[in-house]
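So the chains spell out like this:
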Amino acid sequence: MENSLSVKVGKEILHSNKEKAAAINKFLKEENIKSFNMMSSPGSGKTTLLERTIEKMGPQKIAVIEGDLETENDAKRIREKGALSYQITTGTTCHLDASMVEKAIGKMDLTGIEYLFVENVGNLVCPANFHVGTDLNVVLLSATEGDDKPVKYPVMFHVADVVLITKIEAAQIMNFSMEKAMENIKKVNPKIPIFTHSINVPDDFEKWLEFIKNA
Ligand SMILES: Nc1nc2c(ncn2[C@@H]2O[C@H](COP(=O)(O)OP(=O)(O)OP(=O)(O)O)[C@@H](O)[C@H]2O)c(=O)[nH]1
Ligand SMILES: [Mg+2]
């Protein structure tokens, strides 16, 4: 009895979250804002990728909602690059949800913004199950995590619209096979585009920029 009740409540929470996320997405589309949900393990390089994206595209058209359990650190990093940022701290919750993002959007002046990035709480599990109202899901996999993660955490890679393999210069030292990683991503999500990212060696950063511009 208790079990079936908790399943029912769980389904209702997901359903009402999905409805709220749809309303957020409608609002963002009406404002001509492209939106991206950035997800990965802690420390895979989400904020670093966003910092570089802001540097390249200019800060005026980019806004970032940051999600972490504690601290304003990531929002500060984004503001230091000159872009608008709002930090959500979730306390003990392992993901953002549509209500949190709705509140954050309510606190931001999105005039002139063309791209909204939502940097989700770092982990490969919970964020995959909660829509936050964005157009696309961006998933990062760093070379330091292991090339088997896509098949161990398939839900995250299944909901992804693009995957970036990051810190690629560390691949050799970490025994991370790029081929195996790509194969494992494709096992879960056969047609997904995969780009590389690194702040130290040549990568697919230009392809990433094209991807978000054409999204
Ligand atoms: N070597 C190397 N280090 C990187 C690269 N990208 C990011 N890092 C480092 O990895 C660490 C974590 O990067 P962040 O950008 O903070 O990662 P994150 O995914 O935003 O982390 P959380 O928000 O805590 O989940 C930092 O010390 C970065 O400097 C890279 O391409 N190569
Ligand atoms: Mg971060």
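Higher on the page you've got the structure.
Residues numbered from 1 in each chain as written. Chains lettered and ligands numbered in written order. Predicted model: local features only at pLDDT ≥ 70, side-chain atom pairs only at ≥ 80, totals over all residues.

On to the nonpolar core, then. One finds V101, V118, V139, V163 and L164 to be the most contacted residues of the largest nonpolar core, which totals 53 residues. Leave out the neighbours within four places in its chain, and V139 touches M39, S40, M156, F157, A160 and V163. (Core = buried A, V, L, I, M, F, W, Y, C linked by C-beta atoms within 7 Å. Buried ≥ 20, exposed ≤ 12 C-beta atoms within 10 Å, placed from the backbone. Contact = placed C-beta atoms within 7 Å.)

Put simply, helix α2 (residues 46–57) and helix α3 (residues 73–80) touch, their axes get as near as 9 Å, and they point 15° apart. The angle between the axes of α2 and α3 places the two elements in the roughly parallel class. As α2 runs across α3, the sense of the crossing is right-handed. Every residue of α3 that contacts α2 at T47, L50, E51 and I54 is listed here: D74, R77 and I78. Among the residues making up the contact of α2 with α3, the classes are represented as 3 nonpolar, 1 polar and 3 charged. (Axes fitted to C-alpha atoms, helices over the stretch in contact; angles between N-to-C directions. Helix = DSSP H or I, 4+ residues; strand = E, 2+ residues; numbered from the N terminus. Parallel < 35°, antiparallel > 145°, perpendicular 65-115°, else oblique. Left-handed = near helix turned anticlockwise from the far one by under 90°. Nonpolar A, V, L, I, M, F, W, Y, C, P; charged D, E, K, R; others polar.)

It is worth spelling out the site of ligand 1 at this point. As a matter of local geometry, ligand 1 sits amid 16 residues, with G45, K46, T47, T48 and G122 nearest to it. Taken together, the residues of the shell around ligand 1 break down into 3 nonpolar, 10 polar and 3 charged. (Near = placed C-beta within 6 Å.)

We now examine unusual backbone geometry. One non-glycine residue, T71, lies in positive phi territory at about 80°. Among the structural elements, T71 can be located in the loop between β2 (62–68) and α3. With 11 C-beta atoms packed within 10 Å, T71 lands in the exposed category. Backbone geometry at N175 places phi at a positive 55°, although glycine is not the residue there. Examined against the element boundaries, N175 turns out to sit in the loop between β6 (162–166) and α7 (178–188).

Time to look at the sheet that holds strand β1 (residues 34–39). Here we have 7 strands laid out as an open sheet, ordered β3-β2-β4-β1-β5-β6-β7, and parallel in their pairing. Each end of this open sheet is capped by a strand with a single partner; those strands are β3 (84–89) and β7 (194–197). The mean angle between the axes of side-by-side strands here comes to 20°, regardless of whether they run parallel or antiparallel. In terms of strand pairing, β1 meets strand β4 (residues 115–119) through 5 bridges, oriented parallel. Bridged to K34 within β4 is Y115. Contacts between α2 and the sheet are confined to β1, β2, β4, β5 (136–142), β6 and β7, with β4 contributing the most and set at about 165° to the helix. Running at roughly 180° to β3, α3 makes contact with β2, β3 and β4 of the sheet. (Pairing = 2+ DSSP bridges.)

Within the secondary structure layout, I185 lies in helix α7. Its 23 C-beta neighbours within 10 Å are what place I185 among the buried residues. With residues up to four places along the chain from it excluded, the contact list for I185 reads P150, F157, V163, I192 and I194.

Spanning 12 residues, α2 covers 16 Å between terminal C-alpha atoms, matching the ideal 16 Å at 1.5 Å per step. If you check which residues of α2 are buried, you get K46, T47, L49, L50, T53 and I54. Buried residues along α2 cover an arc of 155° about the axis, so they all sit on one side. Counted as exposed and oriented over 90 degrees from the buried face of α2: E55 and K56. (Expected span 1.5 Å × (residues − 1). Arc of directions from axis to C-beta.)

This part is about the pairing of β3. Taking burial as the measure, the 6 residues of β3 include 5 buried ones, the bulk of the element. Judged from the 6 bridges that link them, β2 and β3 form a sheet pairing that is parallel. The partner of I65 across the bridge, within β3, is Y86. For the handedness criterion, the β-α-β arrangement of β2, α3 and β3 is classed as right-handed. (Right-handed = clockwise from strand over helix to strand, strands pointing away.)

Further remarks concern the pairing of β7. With 4 bridges connecting them, β6 and β7 associate as parallel partners. Note on β7: the bridge partner recorded for I165 is T196. In this view, the connection linking β6 to its parallel neighbour β7 by way of α7 has right-handed handedness.

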